[in-house]
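# A structural walkthrough
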Amino acid sequence: MKYFCFLIMAVMALAGCSSRTKQGAETQAAAVEAKAAVPEVEFDADSAYARVVEQCAFGPRVPGSEAHRRCGDYLAGRLRSYGAAVTEQRMTLTTFDGTEINCRNIIGEYNPDASKRLLLLAHWDCRPWADNDPDPARRREPVPGANDGASGVAVLLEVARQLSVNAPKIGVDILLTDAEDWGDSGAGNDDTWALGTQYWAANPHKPGYRPMYGILLDMVGAGGAVFAREYFSTYYARGIVDEVWRVAQAAGYGDYFVDDSGGAITDDHIFVNRAGIPCIDIIDQSGDGGTGFFKQWHTTGDTPDIIDTATLKAVGQTMLNVIYNY
Ligand SMILES: [Zn+2]
């Protein structure tokens, strides 16, 4: 994923200023009511962290690699072991540089017959090149993807485990998307990214699939993460952003889920929104490395040691509170 346009960000930040203050007051008022309503389903961040380590132990999950194939089997197996109805989409996709890659989207459904549904998604592939590495000699190595990839998947696997022991009232679909990160960082064209999601949007796992909305998790594990309100999420699904941020703040995670306007980011959620399903992106925009993202973004340093269980907890608990508030 990448930043789409910094100019849009600046305009958004200015335009969003006055309404943010008002939103802040309303958010706090609503938070008091919400706190009592949240059921006691506890997200286990240590369990999620173990899922990060397990994914990374396969090696970088670059489409076409042995690590990718083995990790795909592992992810489908995990979802099955947590009682999900698992379907896979296997397809050959062509990347911007003409490479044909064998890909798979992995979908786990809970309460398949419920009409009221929530879509949770994260990409599980790794970028083939660490093109942001501080060491130019390492920029052709793949990204280990502990935060950029494994963290979102790990949170969703722990959510899946909870769903298997605490049946939700609504239907929940977990979509692990492939080939998000083989995009052209030099191009203005965002269609080179999120190839697995683009495929899914054109070929949904169920005909006429229409969840209430979607939540994308991307880079949700690094210490000191900051989840500003991402531009396209606000553009397409402002009410969902407001609600999810309200739930997070009510649970005490306001240091992560801040009320600032974030950047405009090309990511899986763009193509879900274009398919007519409102979808937001929870993505770390701490800007620590000067890229707008976390410090080790698209470097060989994106390894499990940068993952903080407190960040996984903030995101995972927020997801559970959203689900069990229905
Ligand atoms: Zn990436």
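Structural data are supplied above this passage.
A short tour of the structure in this document, coming up. Remember, predicted model here, so these are calculated numbers, not experimental data. (Residues numbered from 1 in each chain as written. Predicted model: local features only at pLDDT ≥ 70, side-chain atom pairs only at ≥ 80, totals over all residues.)

On to the sheet that holds strand β3 (residues 100-110), then. An order of β2-β3-β5-β4-β6-β10 is seen for the six strands of this open sheet, with the pairing classed as mixed. Each having just a single partner strand, β2 (85-94) and β10 (279-283) make up the two edges of the open sheet. In this sheet, neighbouring strand axes are inclined to one another by 20 degrees on average, regardless of whether the strands run parallel or antiparallel. Sheet analysis places strand β6 (residues 213-218) next to β10, joined by five bridges and oriented parallel. When the bridges of β10 are listed, Ile215 appears paired with Ile280. Along the sheet, helix α5 (residues 195-202) makes contact with β2, β3 and β5 (171-177), crossing β2 at roughly 115 degrees. (Pairing = 2+ DSSP bridges. Helix = DSSP H or I, 4+ residues; strand = E, 2+ residues; numbered from the N terminus. Axes fitted to C-alpha atoms, helices over the stretch in contact; angles between N-to-C directions. Contact = placed C-beta atoms within 7 Å.)

Turning to the nonpolar core, a few remarks are in order. Inside soluble globular proteins, nonpolar side chains tend to come together where they are buried. Of all hydrophobic cores here, the largest spans 86 residues; its most connected members are Leu120, Val155, Leu156 and Ile174. Here Ile174 is in contact with Leu79, Ala84, Ile107, Gly108, Leu120, Leu156 and Ala160, once residues within four sequence places are set aside. (Core = buried A, V, L, I, M, F, W, Y, C linked by C-beta atoms within 7 Å. Buried ≥ 20, exposed ≤ 12 C-beta atoms within 10 Å, placed from the backbone.)

Moving on: the pairing of β10. Extensive coverage of β10 is indicated by the burial of five of its five residues. Neither face of β10 is left uncovered, since the one carrying Cys279, Asp281 and Ile283 and the one carrying Ile280 and Ile282 both have all their residues buried.

All right, on to the packing of helix α6 (residues 231-250) against helix α8 (residues 309-324) then. Two numbers describe how α6 lies on α8: the axes approach to 9 Å, and their chain directions differ by 115 degrees. By the criterion of interaxial angle, the relationship of α6 to α8 is roughly perpendicular. When you trace α6 past α8, the crossing you get is right-handed. Within the contact between the two elements, α6 uses Val244, Val247 and Ala248 and α8 uses Ala314, Thr318, Asn321 and Val322. Taken together, the residues that form the contact of α6 with α8 break down as five nonpolar, two polar and no charged. (Parallel < 35°, antiparallel > 145°, perpendicular 65-115°, else oblique. Left-handed = near helix turned anticlockwise from the far one by under 90°. Nonpolar A, V, L, I, M, F, W, Y, C, P; charged D, E, K, R; others polar.)

Note that every value here comes from positions in space, so none of it alone points to a role or purpose.
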